[in-house]
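# Fold and geometry: a report
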Amino acid sequence: MILVETPRRKLVTQLVNWGHWFTLLNIVIAIIIAAIYILNSPAPGTPLGTLYLFTNWFSHIGFLTFFGFVILILPMCYWVKNAKVVKVTASVTAAIALALLAFDALLYNKYGVHLSFGSANLIRDEAQTALAEFGWQQWGFLFLLFVVWLSFQLIVANALWKRIERLQKRKLGLPITTFFVTCFVASHAMHVWADANLYQPIVRQDDMFPLSYPAKAKTLLAKYNLLDIEDYQQRKELQFNQNITGIAYPSEPIYCPVDSANKVAILIVMDGDLPASLPGLMRVENNFGVNSSTDNAISSVVYGLPELYHNALKGYTPILFDLPQTQGLNVSVYLNKESNKDASWSDFKQSWQDFKLGLNSGTSNLSVGFIDSEQLTELLAQNVVNEYKIMLSTFANNTNFSQSLMTNFSVNHSISNREDLAPTALRLLGCNAPAKAYSTGTSLTHANTSDYVVSTKGNRVMLFTPTNRFEVLSNGNVRAYDLQTGEEVFNQVDVNLLSQAIKKLSRFSAKQKN
């Protein structure tokens, strides 16, 4: 029996083959457009994270485009008898879909969100603002741009149709399909592993691409008892993102008067520890300091925020300096080494002689000095101790992270850290604004409501209690150490306390830098 291919079957075969090549070309275009998401996101930072980025980029965008072909175009190849109608409809659909992808990429670039019902209000507000500014020239340009884009799709569709038999002879279908399927399987397998281990270079890419729902360890591994779900939930609750790209500083407007009669000095000895005793000053117990470098330690003092935020703070003037100066107070800063290059507060810096004169004469309301041990003796004259509220500390490196702190006023904290200095200084100057608006620390003159302090060092959250130090890695793993011996201990971890501390740290993070 001889089977003869009917004209209709031949047309369907040609349309389906053409549809595959047309979709492949649009997959390539979509992948190029999707590069906008990658260029406007933080780099993974590790080889494995980079490998996942590329496999996920190719497979996810390729899958979305091919899924659109299967749902919208493939049925037409079987149902519609006119090839021209199929080609025009496919071209219009591709043009609109890729335009939406480009719009979503630009939306993600500006606001960090994708097209969805949740972002509808944001898009509506932005559209109203943009439409109010549009004239007929802008509308004409957009219409012309879409016509050009649609024309390109139509030209490509016709060119592929004319060359479909030649293209089919190249036998590229299997290698191309194998490549995308391999990327798809590899990306989801890597994500399952990363989710189980809360591996941040991969996990934080979850929201990069639109309609992304990577495979989760919780649903896959826990089903077969390959994952301790209780431990997983604990680590997931404690994970944090150490790559802050935007900051809300201050987190809310600050309104408070200051008293020109008040005088405050913050003196930090950068090259050693403090003397055992100094006339008129009392030593404060349980004070801690955590930073990876001298620059970060300086920033923690003047901003009252941990190392986590220091890169995002570049360009922001510290509230500690800005608020008193705008109300007419004299603010002076001295750095014995040009280690901190932040130009946002360079106008406050003074020479050693000017700084010493302002402090000794009492003309400076707020003096912040990063000095050496020899300079300290030149500053702590009796009249300075009597006239100023003083906070004297050090950047000395101790294995238990304890930092010497001496004051000439009563401290009502059972435990404190370096981020408490800025809110304390503003409070002593008369500012009663809540410290949580500009710092993770609190004023030392008021009783603290918590029995811990929290900061960051590199990719770790460091939490101190009067007896222990807890280190939380970005993947949620926790290690505990005894403060006295420095040895690791295996006490029961208070997950609620650690979670509360991490939320406190995250208060100033923002998607975009305003």
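For the structure itself, consult the block above.
One numbering rule holds for all chains: residues counted from 1, following each sequence as written. With the structure being a predicted model, the display of local features is reserved for residues of pLDDT at least 70 and the display and counting of side-chain atom pairs for 80 or more, all residues being used for whole-chain, interface and lining totals. As a rule here, side-chain values cover all heavy atoms of the structure and leave hydrogens and water aside.

## Re the overall build of the protein
Tallying secondary structure elements over the protein gives 17 helices and 15 strands in all. Burial status follows relative accessibility: with a 1.4 Å probe on protein chains alone, a residue under 20% of its type maximum counts as buried, one over 50% as exposed, and anything between as partly exposed. Looking at the protein residue by residue over its 514 residues, the buried ones come to 47%. Here the contacts in the protein between residues at least 6 apart in sequence split such that 72% fall between residues at least 24 apart. Accessible area of the protein: about 26100 Å², with a carbon and sulfur share of 59%. Think of it this way: any DSSP run of H or I at least four residues long counts as a helix, any run of E at least two long counts as a strand, and we number them from the N terminus. When checking whether two residues touch, look at their non-hydrogen atoms; a contact exists if any pair is within 4.5 Å. Residue-level accessible areas treat just the shown protein chains as cover; the underlying method is Shrake-Rupley with a 1.4 Å probe.

## Here's the deal with the packing of aromatic side chains
The relation between two aromatic rings is expressed through the spacing of the ring centres and the mutual angle of the planes. Stacked, tilted and edge-to-face pairs are distinguished by plane angle, under 30 degrees for stacked and over 60 for edge-to-face with tilted covering the rest, among Phe, Tyr and Trp rings (Trp via its six-membered ring) whose centres lie within 6.5 Å. Scanning the model with the defined rule gives 22 aromatic pairs in all. A network of ring pairs unites the aromatic residues Phe54, Trp57, Phe58, Phe179 and Phe180 as a single cluster. As a reminder, the over-ring test applies to NZ of lysine and CZ of arginine, requiring each to be within 6 Å of the ring centre and within 35 degrees of the ring normal. Positioned above the aromatic ring of Tyr481, the side-chain terminus of Arg469 is 4.4 Å from the ring centre.

## Focus on the nonpolar core
With 51 residues, the main nonpolar core has Phe321, Phe370 and Met391 as its most contacted residues. Elements supplying a minimum of two residues to this core: β2 (264-269), α11 (294-303), α12 (319-326), β5 (331-335), β6 (366-371) and α16 (421-428). In terms of nonpolar packing, the next biggest core, distinct from the first, is built from 40 residues, Leu15, Leu24, Ile33 and Cys77 among them. Put simply, a nonpolar core is a bunch of buried Ala, Val, Leu, Ile, Met, Phe, Trp, Tyr and Cys residues held in one set by side-chain atoms that sit within 4.5 Å of each other.

## Topic: the side chain of Ser59
By the element assignment, Ser59 lies in helix α2 (residues 47-79). Using a relative accessible area of 4% as the deciding quantity, one classes Ser59 as buried. Here a polar contact is taken to be a pair of N or O atoms separated by no more than 3.5 Å, where protein atoms must pair a possible hydrogen donor with a possible acceptor and residues adjacent in sequence count only if both atoms sit in side chains. Within the local environment of Ser59, its side chain forms a polar contact with the backbone oxygen of Thr55, the two atoms lying 2.7 Å apart. Here the side chain of Ser59 touches Ser187 through a polar contact of 3.4 Å, side chain to side chain.

## A word on the state of the cysteines
Criterion for a disulfide: a pair of cysteine sulfur atoms at a distance within 2.5 Å. Taken as a whole, this structure holds one disulfide when the rule is applied. Disulfide pairing places Cys256 opposite Cys431 at an S-S distance of 2.0 Å. Handedness here is read from the sign of the S-S torsion; for Cys256 and Cys431, about -90°, the answer is left-handed. With Cys256 in the loop between β1 (246-247) and β2 and Cys431 in the loop between α16 and β10 (453-457), this residue pair connects regions lying 175 residues apart in the sequence. Taken individually, Cys256 and Cys431 each receive the classification buried, so the pair is uniform in this respect.

## What about the packing of helix α1 (residues 7-39) against α2?
Fitting a line to C-alpha atoms yields each axis, with helices limited to the stretch in contact; the angle taken between N-to-C directions then spans 0 to 180 degrees. One way to put it is that α1 packs onto α2 with a least axis distance of 8 Å and a crossing angle of 150°. Between α1 and α2, the angle is such that the two are roughly antiparallel. Crossing hand, α1 versus α2: right-handed. Any angle between 65 and 115 degrees counts as roughly perpendicular, while under 35 counts as roughly parallel, over 145 as roughly antiparallel, and the rest as oblique. Rotating anticlockwise by less than a right angle from the far helix to the near helix defines a left-handed crossing, while the corresponding clockwise rotation defines a right-handed one.

## What to know about the side chain of Asp420
By the secondary structure assignment, Asp420 is in the loop between β9 (416-417) and α16. Once residues lying within four places of it in the same chain are set aside, the contact partners of Asp420 are His413, Gly441, Thr442, Leu444 and Val453.

## Thoughts on the pattern of salt bridges
Salt bridge, as used here, is a side-chain nitrogen of Lys or Arg placed within 4 Å of a carboxyl oxygen of Asp or Glu. Tallied over the full model, the rule gives five salt bridges. With a shortest N-O distance of 3.7 Å, Lys263 and Glu387 are connected by a salt bridge. With Lys263 in the loop between β1 and β2 and Glu387 in helix α15 (residues 382-387), this pair connects stretches of sequence that are 124 residues apart. Notably, a salt bridge pairs Arg460 with Glu471, separated by 2.3 Å at the nearest N-O pair. Separated by 11 residues along the polypeptide, Arg460 in strand β11 (residues 460-464) and Glu471 in strand β12 (residues 468-473) bring together distant segments of the chain. On the basis of relative accessibility, which here comes to 6%, the residue Glu471 falls in the buried class. Here the residues in one salt-bridge network are Arg460, Arg469 and Glu471, joined through shared partners.

## What to know about the sheet that holds strand β14 (residues 488-489)
Following DSSP output, two strands are said to pair if at least two bridges run between them. In spatial order, the strands read β10-β11-β12-β13-β14; together these five strands make up an open sheet with antiparallel pairing. Only two strands of the sheet have a single neighbouring strand rather than two, namely β10 and β14.

## Some details on a nonpolar patch on the surface
Patch membership is restricted to residues that have no salt bridge and whose relative accessible area is over 30%. Joining uses 9 Å for like charges and 5 Å for the nonpolar side chains Val, Leu, Ile, Met, Phe, Trp and Tyr. Together, Phe63, Phe66, Phe67, Val70, Ile71, Leu72, Val181, Phe184 and Val185 give the surface a local cluster of nonpolar side chains, amounting to about 780 Å² of exposed area. Sorting the residues of the nonpolar patch by element identifies α2 and α7 (173-197) as the ones contributing at least two each. Top contributing element to the nonpolar patch by residue count: α2, with six residues. For Val181, the position within the fold is in helix α7. A residue is classified by how much of its surface remains accessible, and Val181, at 45% relative accessible area, is partly exposed.

## Things to note about the pairing of β11
Burial analysis of β11 places four of its five residues in the buried class, the great majority of the element. Linking β10 back to β11 in an antiparallel pair, the connection comprises two residues, with Gly458 at a positive phi of about 60°. As judged from the five bridges shared by β11 and β12, these two strands associate in the antiparallel manner. Pairing of Val461 across the sheet is with Val472, part of β12. Taking the residues that link successive antiparallel strands as the turn, the β11-β12 hairpin has three residues.

## A short note on the sheet that holds β6
Spatially, β3-β8-β7-β2-β6-β5 is the arrangement adopted by the six strands of the open sheet, whose pairing is mixed. The sheet is open, and its two borders are formed by β3 (282-284) and β5, each paired with just one other strand. Averaged over all pairs of adjacent strands, the angle between their axes in this sheet comes to 15°, without regard to strand direction. Pairing between β2 and strand β7 (residues 389-394): six bridges, direction parallel. Following the sheet pairing, Val269 is matched in β7 by Thr394. Most of the contacts of α12 go to β6, to which it runs at about 150°, and overall it touches β2, β5 and β6.

## Describing the pairing of β10
For β10, the tally of buried residues reaches four of five residues, placing the bulk of the element in the interior. In terms of strand pairing, β10 meets β11 through five bridges, oriented antiparallel. Across the sheet, the residue bridging to Lys457 is Arg460, located in β11.

## Points about the environment of Ala425
With respect to the helices and strands, the residue Ala425 is situated in helix α16. For Ala425, a relative accessible area of 0% translates into the label buried. As for Ala425 and Val264, which are separated by 161 residues in sequence, their C-alpha atoms are 6.3 Å apart. What Ala425 contacts, discounting residues up to four positions off in sequence, is Val264, Ile266, Leu320, Leu366 and Met391.

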